[in-house]
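Overview (structure and organization)
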Amino acid sequence: QVRLVESGGGLVQAGGSLRLSCAAPGNTFSGRAAAWFRRAPGKEREFVSTITWTGSNTDYADSVKGRFTISRDYARNTLYLQMNSLKPEDTAIYYCAVRTDSIISSIIEDYAYWGQGTQVTVSS
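Model, not experiment: these values are computed from the prediction.

**Notes on the side chain of serine 105**
One can find serine 105 in the loop between β9 (92-98) and β10 (113-114). Here serine 105 is in contact with Phe47, Thr50, Arg99, Asp110 and Tyr111, once residues within four sequence places are set aside.

Right, here's the structure in full:
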């Protein structure tokens, strides 16, 4: 019922910024919690950030706190991840995900819908 379309990935030098987008054309994130996960080369998928439907509650992995900001635009049915002060260790495929529940979570298994992933590469 939710088709997620990601964009905004690319190649950037260390210290630079990128803004990732995750859209659900013809749908809305209303009533659902959403999140960003990432998979670095040779590593398992890991939690990055999550947000409630209202945007009043967010959470971040320790590795990105103070550098990344998650947000959503209800009218445009779009989830965002603003990434600043990027580091080479941020290099990964980034995935957006949506629950059927409204409660934020950092657990992969709690998310029912996933985007295709977008590549972020940070050079040193």
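**Quick notes on unusual backbone geometry**
In the Ramachandran plot, asparagine 77 falls in the positive-phi region, its phi being about 50° despite a non-glycine side chain. With respect to the helices, strands and loops of the structure, asparagine 77 is situated in the loop between β7 (68-73) and β8 (78-83). On the basis of relative accessibility, which here comes to 14%, the residue asparagine 77 falls in the buried class. Positive phi outside glycine occurs at serine 85, with the angle close to 50°. Secondary-structure assignment places serine 85 in the loop between β8 and β9.

**Section: the pairing of β8**
Extensive coverage of β8 is indicated by the burial of 5 of its 6 residues. Pairing between strand β3 (residues 18-23) and β8: 6 bridges, direction antiparallel. Bridge pairing in β8 places leucine 20 opposite leucine 81. Note that β7 and β8 share 6 bridges and pair antiparallel. Paired with aspartate 73 across the two strands is threonine 78, which belongs to β8. Between β7 and the antiparallel strand that follows it, β8, lie 4 residues; asparagine 77 among them carries a positive phi value of about 50°.

**What to know about the state of the cysteines**
Under the counting rule described, the total for this entry stands at 1 disulfide. A disulfide bridge connects cysteine 22 with cysteine 96, and the sulfur atoms are separated by 2.0 Å. Looking down the S-S bond of the cysteine 22 and cysteine 96 bridge, the torsion is 55°, so its handedness is right-handed. Placement of the pair is cysteine 22 in strand β3 and cysteine 96 in strand β9, with a sequence separation of 74 residues. Take cysteine 22 and cysteine 96: they sit in the same class, and that class is buried.

The rules we used
Residues numbered from 1 in each chain as written. Predicted model: local features only at pLDDT ≥ 70, side-chain atom pairs only at ≥ 80, totals over all residues. Heavy atoms only, no water. Helix = DSSP H or I, 4+ residues; strand = E, 2+ residues; numbered from the N terminus. Contact = heavy atoms within 4.5 Å. Buried < 20%, exposed > 50% of the residue type's maximum accessible area, 1.4 Å probe, protein only. Pairing = 2+ DSSP bridges. Disulfide = S-S within 2.5 Å.

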